[in-house]
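# An overview of the molecular structure
Each chain, written out:
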Amino acid sequence: MEYSHIIIRYGELTLKSGNRNEFLKKLTKNIRYNLKGLEGFHIQTKRDRMYIHLDSNKNVEQIMFKLKKVPGIHNFSPVLRAKLDVEDAKKVIDNLLQTKLDKEYTFKIQTKRPNKNFEFHTNELNNIFGSHVLINYKNLKVNVKQPDFVINVEVRSEGIFIFTDFIKGVGGFPVNTSSKALLLLSGGIDSPVAAHALQVKGVEVEMIHFQSPPFTSQEALQKIFDLTIKLSEVVGKIKLHVVNFTKLQTEIVKRIPSNYTMTSTRRFMLRIAEEVAYKEGCLAIATGESLGQVASQTLESMNCINEVTNLPVLRPLLTMDKVDIIKIAQDIDTLEISNLPFEDCCTIFTPKAPKTRPRLEKIKSYEARDDYSELIEETLASVKTYLFDKDGQVISKDISEDKVVKEDFSDLL
């Protein structure tokens, strides 16, 4: 079947009346970026929808696969186009129905007529095309309430567009149309999904990862690199800030009562993250926390942890079930990477009985016993920043010296 176009619908983006044109320019740019390397099409952007004109069907399956991942697309349809002529439209419907000859189906004709100059009205077209199908296809019956498929007919100035499928996109807004947030990226399932959820809402996400060598391995860091590259596939480029947390974390374990070490560890992570966020111009910190999953994810724990930062802490997965989070991880292709058995710093010193309802006054009194300022400064000085693109190319940038140098991937470990 030779499709002539792919129609893209915007969904939530249509609510942006004041600055819709800027959003559409960004979406068009993002689609061109994601389809880079493919041939046989050109893009036409309009206020209510976008058209990908197919010069050939050579890459149509690859184009549709990539469109499923582009934030800002609500859904899209591959379409066949007829001339502005009823008889030609019948021939196109015949072409479309060649895949529906194997058994009995129910169908419905649904016509839209944006081209008000066309000689037939909507109901007349429904009757003309419905009668044509019933007469010529004995295995097809009409069911207007719950049909097996719908033949959609759109009469436009460019021609009559005919299609059956609405392919779901990720929705939301085009990438990087909002401000920046700094996300705490662990090696688990949740934080990459949280990053994706923010990306879909147009947030430009930078990552920060805390490693504690030699307690965490080179393989664990490679896992973080792989997750970052995977998340960069749609947005183009992502910064990853890697923090050497070993010295500070081991001092926390020595100085803080064991049942409060998890809470204190998260508090120091947020202190470090806040400083990096300010340097990078991020307006929020984000995490992959989901309410009640582990000891540090109760409301009491979150209250104690949030207290150390003045930046808002975004938790896009807060009320989601684990099953739903895993499903999204499968869809965005991060689940297999996240399941690799390499520990991160959040799991290496897990106490036997972490406090699930920590008290703010207690954790503040424990931390006040010692001066951590030099340790915090030393930890901040250890931060290395990597810029990843979707092909795994890396630029390493030393924040303190503001030097940019390209490195081989192997040299990062």
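Just so it is clear, the model here is predicted, and its values are computed rather than measured.

## A few points about the confidence of the model for the protein chain
Summing up the model confidence of the protein chain, the mean pLDDT is 89 and the portion of residues at 70 or higher is 93%. Predicted confidence for residues 398-413 stays below pLDDT 50, and this span has 33 contacts to residues more than four positions away or in other chains.

## Topic: the packing of helix α3 (residues 86-96) against helix α4 (residues 122-136)
As a packed pair, α3 and α4 sit with axes 11 Å apart at the nearest point and diverge in direction by 45 degrees. Regarding the angle of α3 to α4, the classification is oblique. The interaxial crossing formed by α3 with α4 has right-handed handedness. Counted together, V86, A89, K90, I93 and D94 of α3 and L125, I128, F129, H132 and V133 of α4 form the full contact between these two elements. When its residues are assigned to classes, the contact of α3 with α4 shows seven nonpolar, one polar and two charged.

## Considerations on helix α5 (residues 190-200)
Among the eleven residues in α5, ten count as buried, and that is most of the element. Looking at α5, one finds that the buried residues are D190, S191, P192, V193, A194, A195, H196, L198, Q199 and V200. G202 occupies a position one or two residues after α5 and carries a positive phi of about 90 degrees.

## Re the nonpolar core
Counting 48 residues, the largest nonpolar core has I6, I31, I52 and I151 as its most contacted members. Once residues lying within four places of it in the same chain are set aside, the contact partners of I31 are I8, I43, M50, L67, V70 and I73. Within the second largest apolar cluster, 34 residues are counted, among which are A181, A195, F225 and I332.

## Overview of the pairing of strand β5 (residues 105-112)
Judged by which residues are buried, β5 turns out to be one-sided: Y105, F107, I109 and T111 face inward and are buried, whereas T106, K108, Q110 and K112, on the alternate face, are not. Note: β5 against strand β6 (residues 140-142), three bridges, orientation parallel. Looking across to β6, one finds that T106 is bridged to K141. In this structure, β5 lies alongside strand β7 (residues 149-156), joined through six bridges in parallel fashion. Each bridged residue has a counterpart across the sheet, and for Q110 the counterpart in β7 is N152.

## A closer look at the pattern of salt bridges
Overall, the coordinates contain 22 salt bridges when judged by the stated rule. K90 is the salt-bridge partner of E87, the closest N and O atoms lying 3.3 Å from each other. Here the residue E87 and the residue K90 both occupy positions in helix α3, the gap between them amounting to three residues, near one helical turn. On the basis of relative accessibility, which here comes to 18%, the residue K90 falls in the buried class. Between R271 and E367 there is a salt bridge, with its nearest N and O atoms 2.9 Å apart. Of the two residues, R271 is situated in helix α8 (residues 261-280) and E367 in helix α13 (residues 360-368); the sequence distance between them amounts to 96 residues. Taking relative accessible area as the criterion, R271 reaches 22% and is therefore assigned partly exposed. Salt bridges linked by common partners bring R267, R271, E307, K364 and E367 together as one network.

## What to know about the UniProt feature "binding site: ATP" (unreviewed entry) in the protein chain
Here the UniProt feature "binding site: ATP" (unreviewed entry) sits at L184, L185, H209, F210, R266, G288 and Q297. Checked against the element boundaries, L184 lands in strand β10 (residues 180-184). Its relative accessible area of 8% is what places L184 among the buried residues. Non-local contacts of L184, meaning those with residues more than four positions away in its chain, are made with S191, I208, F210, M269, L270, A273, I285 and A286. Exposure remark for Q297: the relative accessible area of 9% places this residue in the buried category.

Definitions and limits used
Residues numbered from 1 in each chain as written. Predicted model: local features only at pLDDT ≥ 70, side-chain atom pairs only at ≥ 80, totals over all residues. Heavy atoms only, no water. pLDDT = per-residue confidence, 0-100. Contact = heavy atoms within 4.5 Å. Axes fitted to C-alpha atoms, helices over the stretch in contact; angles between N-to-C directions. Helix = DSSP H or I, 4+ residues; strand = E, 2+ residues; numbered from the N terminus. Parallel < 35°, antiparallel > 145°, perpendicular 65-115°, else oblique. Left-handed = near helix turned anticlockwise from the far one by under 90°. Nonpolar A, V, L, I, M, F, W, Y, C, P; charged D, E, K, R; others polar. Buried < 20%, exposed > 50% of the residue type's maximum accessible area, 1.4 Å probe, protein only. Core = buried A, V, L, I, M, F, W, Y, C linked by side-chain atoms within 4.5 Å. Pairing = 2+ DSSP bridges. Salt bridge = Lys/Arg side-chain N within 4 Å of Asp/Glu carboxyl O. UniProt positions renumbered as here; feature names shortened; annotations may be inferred.

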